[in-house]
Amino acid sequence: MKLKAVRGTKDIFGDDAVKYDYIVETAKKIFTSYGYSRIITPIFEETSLFKRGIGEGTDIVEKEMYTFLDKGERSVTLRPEGTASIVRSYLEHKVYGKEDSTKYFYHGPMFRYERPQAGRYREFNQIGVEAIGGNSPILDAETISMGYKLLEALGLEELEVQINSVGGNASRVKYRQKLVDFLSDKKDVLCEDCKTRYYKNPLRVLDCKNQNCQDITKDAPNLVDSLSIEENEHYSEVKKYLEVFGVNYSENPRLVRGLDYYSNTVFEIVTNKLGAQGTVLAGGRYDGLLKTIGDKDIPAVGFAAGIERIMLLLGDNVKKETPKVYIAWLGDEVKEYAFKVAETLRKSYINSYIEFDEKSMRAHMKKADKLGINFAVIIGTEEMESGKVLLKNLAEREQESLGVEEVAEKLSK
Ligand code: HAM
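Computed from a prediction, not measured in an experiment: that's the story for all the values here.

**Side note on the pattern of salt bridges**
Next up, step 1: Scanning the model with the defined rule gives 23 salt bridges in all.
Next up, step 2: Measuring nitrogen to oxygen at the nearest pair gives 3.1 Å for the salt bridge that ties Arg-257 to Glu-268. A residue pair is termed long-range when its members are at least 10 positions apart, and Arg-257 in the loop between strand E8 (250–251) and strand E9 (265–270) and Glu-268 in strand E9 qualify at 11 residues.
Next up, step 3: By relative accessible area, which is 12% here, Arg-257 ends up buried.

**Topic: the sheet that holds strand E15 (residues 388–393)**
Next up, step 1: Strand order in the open sheet made by the 5 strands is E13-E12-E14-E15-E16, with mixed pairing throughout. Only two strands of the sheet have a single partner each, and these edge strands are strand E13 (352–354) and strand E16 (398–403). The average angle at which neighbouring strand axes cross in this sheet is 25°, direction not considered.
Next up, step 2: Summarising the sheet, strand E12 (residues 325–329) and E13 pair through 3 bridges and their orientation is parallel. By the bridge assignment for E13, Ile-327 is matched with Ile-354.
Next up, step 3: Along the sheet face, helix H13 (residues 361–371) touches E12, E13 and strand E14 (375–379) and points at about 165° away from the line of E12.
Next up, step 4: Helix H15 (residues 404–412) contacts E12, E14, E15 and E16 of the sheet and is inclined by roughly 125° relative to E16.

**Examining the side chain of Lys-103**
Next up, step 1: Relative to the assigned elements, Lys-103 resides in strand E5 (residues 102–111).
Next up, step 2: Reaching out from Lys-103, the side chain makes a polar contact with the side chain of Glu-142 at a distance of 3.2 Å.

Rules of the game
- Residues numbered from 1 in each chain as written.
- Predicted model: local features only at pLDDT ≥ 70, side-chain atom pairs only at ≥ 80, totals over all residues.
- Heavy atoms only, no water.
- Salt bridge = Lys/Arg side-chain N within 4 Å of Asp/Glu carboxyl O.
- Helix = DSSP H or I, 4+ residues; strand = E, 2+ residues; numbered from the N terminus.
- Buried < 20%, exposed > 50% of the residue type's maximum accessible area, 1.4 Å probe, protein only.
- Pairing = 2+ DSSP bridges.
- Axes fitted to C-alpha atoms, helices over the stretch in contact; angles between N-to-C directions.
- Contact = heavy atoms within 4.5 Å.
- Polar contact = N/O pair within 3.5 Å; in protein donor to acceptor, adjacent residues only side chain to side chain.

Encoded structure:
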């Protein structure tokens with residue numbers, strides 16, 4: 001039997017690995033400019049963290065978690081997302097006692113037992129941010145804007161920023177009743193999932209992808225009409241500052257998100273280029289989560305983006321680097337010298353290609369051409385004796401005799 005990667009998991013290598021790093025490096029630059037610093041938390045946590053944090057009635061907790069007993073009979077879960085872990089860490093280390101506001105970014109694998117399809121995996125990677133300890137609506141707008149700017153900086157096009165406010169607990173309870181009243185005579189024609197949602201988590205009926213459910217909820221009351229005066233003001237300020245930051249957005253009254261911890265602002269950045277898996281980046285405010293997990297009244301907001309989804313949208317313009325220089329050595333007597341030259345060039349971080357076995361000049365040039373390398377350093381006995389090498393521009397067919405340090409300097413430019 002041939003061994004294969006487990007269904008819903010994949011290997012990332014070659015150009016894809018370069019894309020992965022490009023996304024992370026670009027994000028790091030942008031997030032750092034807004035004052036975020038890196039946090040690394042464990043890949044698995046106590047199961048109760050996610051049950052309490054994400055919510056017992058959510059699809060993630062009910063159906064999608066990789067939960068198992070370890071050898072000490074403790075129930076642990078491979079993290080399905082990053083927010084709950086970061087909040088746990090923040091509370092555990094009492095970071096609130098040391099700073100007024102804390103901004104973390106993270107990236108790494110998450111695990112959800114979902115039905116795999118293009119853009120949806122069982123092990124996938126997220127890059128995300130969590131700003132803990134600020135309740136200003138400007139922070140919400142800044143967070144959305146930063147997410148949008150990241151995707152823009154990566155060259156993604158035709159993205160739509162969708163926002164909504166789900167208010168606080170009291171408003172949601174009020175709204176839930178209105179929605180249940182609206183749906184009560186229609187519940188039998190909802191899809192099977194929504195029939196369950198109607199009783200367990202009726203708000204989720206609003207973002208069901210089933211066309212029939214969408215038609216049914218078209219005239220449903222809007223959540224924003226149930227918001228308190230303060231929640232409304234908060235939402236208006238978020239919209240005002242999105243304009244200040246130059247972010248075009250649309251309001252989507254159906255946007256409710258699949259995790260229970262959200263309050264007030266929620267948002268998603270979507271594309272129509274990925275079929276059903278069109279949400280590239282998503283998040284919102286979660287002012288109640290620190291209370292749920294650690295009994296602290298500390299507000300927070302954040303988002304996460306799916307790295308694989310971004311990779312699918314990046315296309316072919318991010319590629320693996322080809323070596324900058326081909327070191328062609330001619331004759332066994334110069335072999336050691338050639339490898340020393342390679343060491344010197346690599347000390348200056350010049351991507352240098354060198355063969356371990358002897359080859360003819362013709363074979364070297366063929367190989368350099370095949371690898372798409374533009375420069376060759378040619379080394380024969382004459383070069384070795386003079387302590388120099390021949391640097392050849394393969395495209396322009398020009399060559400000059402230079403010291404190795406000079407070559408390093410030239411190719412570094
Ligand atoms: P989420 O909406 O569950 O939010 O996931 C965020 C993003 O992760 C999605 O928009 C999508 O791009 C990607 N994603 C989710 N599931 C999969 C999958 N099975 N395969 C590939 N990509 C996937 C959260 O996880 C929240 N923790 C976001 C957040 C941070 N809210 C506040 N702070």
